[in-house]
Amino acid sequence: MPELPQVEALRGWLDARLPGRVIAGIQLVDFAALKTFKPPLSALVGLEIAGVARHGKMLDIDVQGVHLVVHFSRAAWLRWKDEQPSTSARPGRGPLSLRLILDDGSGFDLTEAGTRRNLAIWVADDPQQIGQVASLGPDPLGEEFTREAFDQIMDAAGRSQIKGVLRDQRVIAGIGNAYSDEILHAAKMSPFTPASALDEAGRQLLVDQIEAVLADALERCRGLPPDKLKDDKRQAMRVHGRAGETCAVCGTTIAQVSFADSSLQYCPGCQTGGKLLADRRMSKLLR
């Protein structure tokens, strides 16, 4: 799933190309992806793009005050084309969900791999009218993400596991499964640590690693075209998606905990004092 660094890099890449361009056409292929009906998608046609913003992991294209907002979810992404096809897109079994055509013939496709369709598209006069945007917590790379704001988050989290706190978009916007693994590895913290267990030094360490890991990832992928961003994310991971491999920091084998629809990866040597965390899914199978 694209997370804050990839979506922010995509935002910057598009913001260097889209402003001033007029939307010449827009074709919806996956009708279930569109979550709003007013304003209609057709209201964007003929309008000039003003800029591109981001809300957490969501992209926001401002088209003369009408906002096209996209949440890529787990398997969707944007494919840029210098020249869009002249024929109309047709519904089918392919990955195409939406095609946008600009006045110079270029544009982009929104595509989604696999059979599970979770791509979400909204058209709104104000992004804050979208519940998923209005409910977002502070952006960890924004000015609002202060140590005071983080202390309030930790105080409210109580005994919630720190992995879940980092992933909750209502608490902190933009961090998902991958970067929460990376942040906790960098901070040398177990993903199951209760938020209330962090003392002053632990809180400061976690804040520092949130900012450092995300800033490093963004610096690395800034300026990359859309088709390179996902590969860059995968290649740069130290623990996420690397179960069974050797930790580059301490040499311990990276371990995994599986859940019903996701998994987390961690280094027992760096994060849990050598202890393996219980794999919830495997424990149920062995009962």
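Residues numbered from 1 in each chain as written. Predicted model: local features only at pLDDT ≥ 70, side-chain atom pairs only at ≥ 80, totals over all residues. Heavy atoms only, no water.

I tried to follow the side chain of Gln84 on my own but got confused; where do I start?
Position of Gln84 relative to the elements: it lies in the loop between β5 (76-81) and β6 (96-102). A polar contact of 3.1 Å, which involves the side chain of Gln84, links it to the backbone oxygen of Leu100. Setting aside chain neighbours within four positions, we find Gln84 in contact with Arg99, Leu100, Ile101, Gly105, Ser106, Gly107, Phe108 and Asp109. (Helix = DSSP H or I, 4+ residues; strand = E, 2+ residues; numbered from the N terminus. Polar contact = N/O pair within 3.5 Å; in protein donor to acceptor, adjacent residues only side chain to side chain. Contact = heavy atoms within 4.5 Å.)

Which parts of the structure should I look at to understand the packing of aromatic side chains?
The way to describe two aromatic rings as a pair is by their centre distance and the angle between their planes. Enumeration according to the criterion identifies three aromatic pairs in this entry. Centre to centre, the rings of Phe72 and Trp77 are 4.9 Å apart; their planes meet at 55 degrees, and the pair counts as tilted. With relative accessibility at 2%, the residue Phe72 sits in the buried group. With 6.0 Å between their ring centres and 70 degrees between their planes, Phe145 and Phe150 make a pair best called edge-to-face. For the pair Phe145 and Phe150, one class covers both residues: buried. (Phe/Tyr/Trp six-rings, centres within 6.5 Å; stacked < 30°, edge-to-face > 60°. Buried < 20%, exposed > 50% of the residue type's maximum accessible area, 1.4 Å probe, protein only.)

Even after reading the chapter, I still don't get the pairing of strand β8 (residues 120-124), so can you show me in this structure?
Successive side chains on a regular strand alternate, one facing one side of the sheet and the next facing the other. The buried count for β8 comes to five of five residues, which makes it a mostly enclosed element. Going residue by residue along β8, you find Ala120, Trp122 and Ala124 tucked away on one face and Ile121 and Val123 tucked away on the opposite face as well. As judged from the five bridges shared by strand β4 (residues 66-71) and β8, these two strands associate in the antiparallel manner. Paired with Leu68 across the strands is Val123, a residue of β8. (Pairing = 2+ DSSP bridges.)

Looking at this structure, I do not really get the pattern of salt bridges. What am I missing?
Any two side chains of opposite charge can pair, on the condition that their charged atoms come close. What the rule picks out here adds up to 19 salt bridges. Residues Asp139 and Arg54 are paired through a salt bridge, measuring 2.7 Å at the closest nitrogen-oxygen approach. Separated by 85 residues along the polypeptide, Asp139 in the loop between α2 (131-134) and α3 (147-157) and Arg54 in strand β2 (residues 49-55) bring together distant segments of the chain. Comparing Asp139 with Arg54, the two get one shared label, buried. Glu200 is the salt-bridge partner of Arg147, the closest N and O atoms lying 3.1 Å from each other. Pair noted here: Arg147 is in helix α3 and Glu200 is in helix α6 (residues 200-221), with a separation of 53 residues, a long-range link. If you follow the salt bridges from partner to partner, you end up with Glu8, Arg11, Asp15, Arg54 and Asp139 in one network. (Salt bridge = Lys/Arg side-chain N within 4 Å of Asp/Glu carboxyl O.)

Help me out: how do you make sense of the packing of α3 against α6 in this one?
To characterise two packed helices, one gives the angle between the axes of the helices and the distance between these axes. At their nearest, the axes of α3 and α6 sit 11 Å apart, and the two run at 115 degrees to each other. The hand of the α3/α6 crossing is right-handed. Contacts between α3 and α6 involve Arg147, Phe150, Asp151, Met154 and Asp155 from the first element and Glu200, Arg203, Gln204, Leu206, Val207 and Ile210 from the second. Tallied by class, the residues present in the contact of α3 with α6 amount to five nonpolar, one polar and five charged. (Axes fitted to C-alpha atoms, helices over the stretch in contact; angles between N-to-C directions. Left-handed = near helix turned anticlockwise from the far one by under 90°. Nonpolar A, V, L, I, M, F, W, Y, C, P; charged D, E, K, R; others polar.)

Would you mind going over the environment of Ala173 with me for this structure?
Within the fold, Ala173 resides in the loop between α4 (162-167) and α5 (177-187). A relative accessible area of 1% means that Ala173 is categorised as buried. A C-alpha to C-alpha distance of 5.7 Å links Ala173 and Leu136, two positions 37 residues apart in sequence. Beyond its immediate stretch of four places on either side in the chain, Ala173 contacts Leu4, Gly56, Leu136, Gly137, Pro138, Asp139 and Pro140.

Just to check I follow, could you spell out the sheet that holds strand β7 (residues 107-112) for this structure?
Working definition: the strands of a sheet are paired by backbone hydrogen bonds and lie parallel or antiparallel to each other. Across the sheet, which stays open at both edges, the four strands sit in the order β1-β6-β7-β5 with antiparallel pairing between neighbours. Two strands bound the open sheet, and with one partner strand each, they are β1 (23-28) and β5. Taken over all neighbouring pairs, the strand axes of this sheet differ in orientation by 15 degrees on average, direction set aside. Note that β1 and β6 share five bridges and pair antiparallel. What sits directly across from Ile26, in β6, is Leu100.

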